[in-house]
Amino acid sequence: MTDKILAEKNLIVRHGVLELIEHWAIALSGLVLLLTGIFELPVGKRYYIIDVPGLGWSADFITSLSLHYAAAFVFTVAAMLHVFYHGPRGEKGLLPQKGDFAESITVIKSLFGFGEEPPMRKYLPEQRLAYAGMAFIILMLIISGLVKTYKNIYAPDLSHTVLLWATWIHNIFFILFFLAFLAHMAAIALRPNWPMVRGIFTGKVRLDYARHRHSLWLADVEPVQEPPALTVAEEQAPPEPEPEPVQEDSTKD
Amino acid sequence: MKEPKQLQIGRRSFLKITAGAAALSSVGLPKKAFAGTNKQLSTLIDLSLCDGCVDRKVPACVSACKTINQNKIPQVAEPIPEPWPRKTVEDWSKKRDVFKRLTPYNFIYVHKAEINVAGRKKTVFVPRRCMHCDNPACATICPFSANHKNKNGAVVIDQDSCFGGAKCRDVCPWEIPQRQSGVGIYLKVLPGLMGNGVMYKCDLCVERLAADKSPGCVEACPREALLIGTRNAIEKVAAERAGRMNGYIYGKKQNGGTATLYVSPVPFEEINKTMTKKPGQPDMKVDVPRRMAGTDPLAKAVLAAPVLGIAAGILGWLSSRGDKTGKEE
């Protein structure tokens, strides 16, 4: 666990270096995959994208494919590393929990001024749901992409049925990935979420923000305030007698 | 080397032998397998035999192909939706009789090459159509997998799922597929914004192959200049004929190898000099690299990526456990 309070700087570590690397590797390679995936459609010439300075290659499908492969390599390594590093370590903070759906609605309503936010853990309930959704999208993109890649090199005559499944899964989840990316950007645009943006760049968020919004997380991280240890004399001293209960006069008021 | 008997006889016997071999190897398999649709096939075009059917208005192979495919393209939308923003429309529906180039209504044409060989004028006729490449970029790069290479080697466009983006034509070294706007599935989606018709080209008469018939061009050739058979058999014949005529082979290495082998008594460099690459009229350069081969190393890295990622994750986890144990100690 990387979470650590830096009280003197009013910060708390939310993401370790490896988590930041994983996030940005997937995010940046994902953007390259989106762009080159779009350029694998015949849009470069039709939409005059080739006339945009620096995008003359957008109608060269082989160049786009090379970039797509390079990004897919980074994307896949990062995704697999993420699962097979954090999984065995038992880091399950991003996995959906019971009641997340209902709680997400409460949080989203509160973002627009309706009701109070419930106390939250390190990740918001909608973040956990979004993570599961994005993980599924990424998994489907990787599996279908691997089938298509294998076909490109070794099996151009691969079963057409298998190929059509891989192709349409890849195409549909490409659209879902794009929509998920837009939703991710929309979440960042919401003011209450701004303090978390700093975290994905530096790994740290403001401690006062975390205390206010992620109180359940802080309860796990902050050391428990133990009562001061008793002296021997205090231990041996007889307990003070409890005060006599005061009989309140119900007729006083 | 003595030419195998069945190959000396010609295409009909050749097919019989092929079918016979298929029958022997496919006892108990459905009829489709018997028809040889899963055996890798190749075609041979012997330029020493093709005379361009000079006595006919339209060469026999072209005529047969046109007849077989005359009803392939459905009724073209009237008017054809104008694509946006680039307003390219390719409509051959009113020029269906064109036979001297490739069009959506004409999948094969015959090029006439006048060549000077050692000071002598020689005329060679070159039937041109899809080469049915071994690893066809036109098929592998199709975003909807509408273009697919069959087990028998035929590269076939499914006109029901093709959007007519012409990507296949862009990546084909010979720019073979031809577009007909105003037909196809794009009309039912976003015709103004996405797609622009259907791409058409030779499909090696896959339906006829499934019915145990030769492709139309092969069957129609009066001089048996075109042959079809198993890959190995055709390669043997091509090598044998080229050796006998001290000639040349085209299609074996071009674009990484194809299922169409040309045999010629004159060098293909000379034939290519008579060709000017134009829409629907491919040239015949000898040096035709498979461009997608350049992406293969990266593609192999992608296939290895899951293993690398898993290994890195597990090693990282084990390493972090070691660190933790050390700290605890």
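Computed from a prediction, not measured in an experiment: that's the story for all the values here.

S.K.: Would you explain the overall build of chain B in this entry?
M.R.: Helix and strand counts for chain B stand at 11 helices and 10 strands. In chain B, which comprises 329 residues, the proportion classed as buried is 43%. Contacts in chain B between residues at least 24 apart in sequence constitute 63% of all its contacts with a sequence separation of at least 6.

S.K.: Explain the overall build of chain A to me, please; I cannot follow it from the model alone.
M.R.: Of the regular secondary structure elements, chain A holds 9 helices and 3 strands. Shown N-terminal to C-terminal, the secondary structure of chain A runs as helices and strands in the order β-β-α-α-α-α-α-α-β-α-α-α. When each of the 253 residues of chain A is scored for burial, the buried share is 28%.

S.K.: Looking at this model, I keep getting lost on the sheet that holds strand 2 (residues 11–13) of chain A. Mind explaining?
M.R.: The strands making up a sheet associate through hydrogen bonds between their backbones, and the pairing can be parallel or antiparallel. Residues and elements named next belong to chain A. An order of 1-2-3 is seen for the 3 strands of this open sheet, with the pairing classed as antiparallel. Sheet topology places strand 1 (4–6) and strand 3 (204–206) at the edges, where each strand pairs with a single neighbour. Geometrically, the sheet is characterised by an average inter-axis angle of 25 degrees between neighbouring strands, direction not taken into account.

S.K.: Sorry, what's going on with the interface of chain B and chain A here?
M.R.: Buried accessible area, meaning the area lost when the parts come together, often serves as the stated size of an interface. Contacts between the two partners involve 42 residues from chain B, matched on the other side by 38 residues from chain A. If you list the elements that add at least two residues to the side of chain B that touches chain A, you get helix 5 (137–140), strand 4 (147–149), helix 6 (167–171) and helix 11 (296–328) of chain B. Looking at the side of chain B that touches chain A residue by residue, the classes come out as 22 nonpolar, 12 polar and 8 charged.

S.K.: Sorry, what's going on with the sheet that holds strand 10 (residues 260–264) of chain B here?
M.R.: All names here are of chain B. Pairing is mixed across the open sheet formed by 4 strands, whose spatial order is 8-1-10-9. The open sheet has two edge strands with one neighbour each: strand 8 (226–230) and strand 9 (248–250). Going across the sheet, the axis of each strand differs from the next one's by a mean of 25 degrees, ignoring polarity. Where strand 9 lies against strand 10, 3 bridges are found, and the strand directions are antiparallel. Counted as the bridge partner of Tyr248 is Ser264 from strand 10. Here helix 9 (residues 231–244) sits on the sheet and contacts strand 1 (41–46), strand 8, strand 9 and strand 10; the angle it forms with strand 1, its principal contact strand, is near 20 degrees.

S.K.: Would you mind going over the pairing of strand 1 of chain B with me for this structure?
M.R.: The two faces of a sheet get side chains in turn, since along a regular strand they alternate between them. Residue and element names in this part refer to chain B. Taking burial as the measure, the 6 residues of strand 1 include 6 buried ones, the bulk of the element. Side chains Leu41, Thr43 and Ile45 project from strand 1 onto one buried face, and the interleaved Ser42, Leu44 and Asp46 project onto a second face that is buried too. Summarising the sheet, strand 1 and strand 8 pair through 5 bridges and their orientation is antiparallel. Across the sheet, the residue bridging to Thr43 is Ile228, located in strand 8. In this structure, strand 1 lies alongside strand 10, joined through 4 bridges in parallel fashion. Bridge pairing links Leu44 to Leu261 in strand 10.

S.K.: Could you clarify how one ought to interpret the environment of Val171 of chain B in this entry?
M.R.: The residue Val171 of chain B is located in helix 6 in this model. Those residues within four positions of Val171 of chain B in sequence are excluded, and the remaining contacts are Phe61 of chain A together with Ala137, Cys138 and Ile141 of chain B.

S.K.: What exactly am I supposed to notice about the domain arrangement of chain A here?
M.R.: Residues and elements named next belong to chain A. Segmentation of chain A into domains returns domain 1 (1–16 + 94–223) and domain 2 (17–91). The straight-line distance from the C-alpha centre of domain 1 to that of domain 2 is 18 Å. Counting from both sides, the interface comprises 10 residues of domain 1 and, opposite them, 10 residues of domain 2. Sorting the residues of the side of domain 1 that touches domain 2 by element identifies helix 4 (125–153) and helix 5 (160–189) as the ones contributing at least two each. A class-by-class count of the residues in the side of domain 1 that touches domain 2 yields 6 nonpolar, 4 polar and no charged.

S.K.: Looking at this structure, I do not really get the packing of helix 1 (residues 17–39) of chain A against helix 2 (residues 61–86) of chain A. What am I missing?
M.R.: Relative orientation and spacing of two packed helices are given, respectively, by the angle between their axes and the distance between those axes. Residue and element names in this part refer to chain A. Across the interface, helix 1 lies against helix 2 with an axial gap of 8 Å and an inter-helix angle of 150 degrees. One finds that helix 1 runs roughly antiparallel with respect to helix 2. The handedness of the crossing between helix 1 and helix 2 comes out as left-handed. On helix 2, the residues that touch Glu22, Ala25, Ile26, Ser29, Gly30, Val32, Leu33, Thr36, Gly37 and Phe39 of helix 1 are Ser64, Leu67, His68, Ala71, Ala72, Val74, Phe75, Ala78, Ala79, Leu81 and His82.

S.K.: Help me understand the confidence of the model for chain B, please; the structure alone is not making it clear to me.
M.R.: Caution is warranted with low-pLDDT regions, since their predicted coordinates should not be read in detail. All names here are of chain B. When pLDDT is averaged along chain B, the result is 89, and 87% of the positions lie at 70 or above. Contacts of residues 1–34 to residues separated by more than four positions or lying in other chains number 35 contacts, the stretch itself having pLDDT below 50. Interface scoring of the predicted complex returns ipTM 0.87; its pTM is 0.87.

S.K.: What's the story with the nonpolar core in this structure? I'm lost.
M.R.: Across soluble globular proteins, nonpolar side chains have a tendency to be buried as a group. Core analysis: the largest hydrophobic core is formed by 97 residues, its most contacted members being Leu44, Cys61, Ile108, Cys138, Cys217 and Leu226 of chain B. For this core, the element with the highest residue contribution is helix 2 of chain A, accounting for 14 residues. Excluding its chain neighbours within four sequence positions, the residues that come into contact with Cys61 of chain B are Ile108, Pro127, Cys217, Ala220, Cys221 and Leu226 of chain B. In terms of nonpolar packing, the next biggest core, distinct from the first, is built from 6 residues, Met196, Val205, Ala210 and Trp217 of chain A among them.

S.K.: Is there a simple way to think about helix 3 (residues 100–111) of chain A in this case?
M.R.: Each α-helix winds once per 3.6 residues, and so residues spaced three or four apart point in a common direction. Here helix 3 of chain A is 12 residues long and its end C-alpha atoms lie 16 Å apart, about the 16 Å a rise of 1.5 Å per residue gives. Phi for Gly113 of chain A, located one or two positions after helix 3 of chain A, is positive at around 90 degrees.

S.K.: I would appreciate a short explanation of the environment of Ala59 of chain A in the present structure.
M.R.: Residue and element names in this part refer to chain A. Mapped onto the secondary structure, Ala59 falls in the loop between helix 1 and helix 2. Taking C-alpha positions, Ala59 is 4.5 Å from Gly44, a pair spaced 15 residues apart along the chain. Setting aside anything within four residues of it in sequence, one finds Ala59 in contact with Gly44, Lys45 and Ile50.

About the cut-offs
- Residues numbered from 1 in each chain as written.
- Chains lettered and ligands numbered in written order.
- Predicted model: local features only at pLDDT ≥ 70, side-chain atom pairs only at ≥ 80, totals over all residues.
- Helix = DSSP H or I, 4+ residues; strand = E, 2+ residues; numbered from the N terminus.
- Buried ≥ 20, exposed ≤ 12 C-beta atoms within 10 Å, placed from the backbone.
- Contact = placed C-beta atoms within 7 Å.
- Pairing = 2+ DSSP bridges.
- Axes fitted to C-alpha atoms, helices over the stretch in contact; angles between N-to-C directions.
- Nonpolar A, V, L, I, M, F, W, Y, C, P; charged D, E, K, R; others polar.
- Domains from an automatic or database assignment.
- Parallel < 35°, antiparallel > 145°, perpendicular 65-115°, else oblique.
- Left-handed = near helix turned anticlockwise from the far one by under 90°.
- pLDDT = per-residue confidence, 0-100.
- Core = buried A, V, L, I, M, F, W, Y, C linked by C-beta atoms within 7 Å.
- Expected span 1.5 Å × (residues − 1).

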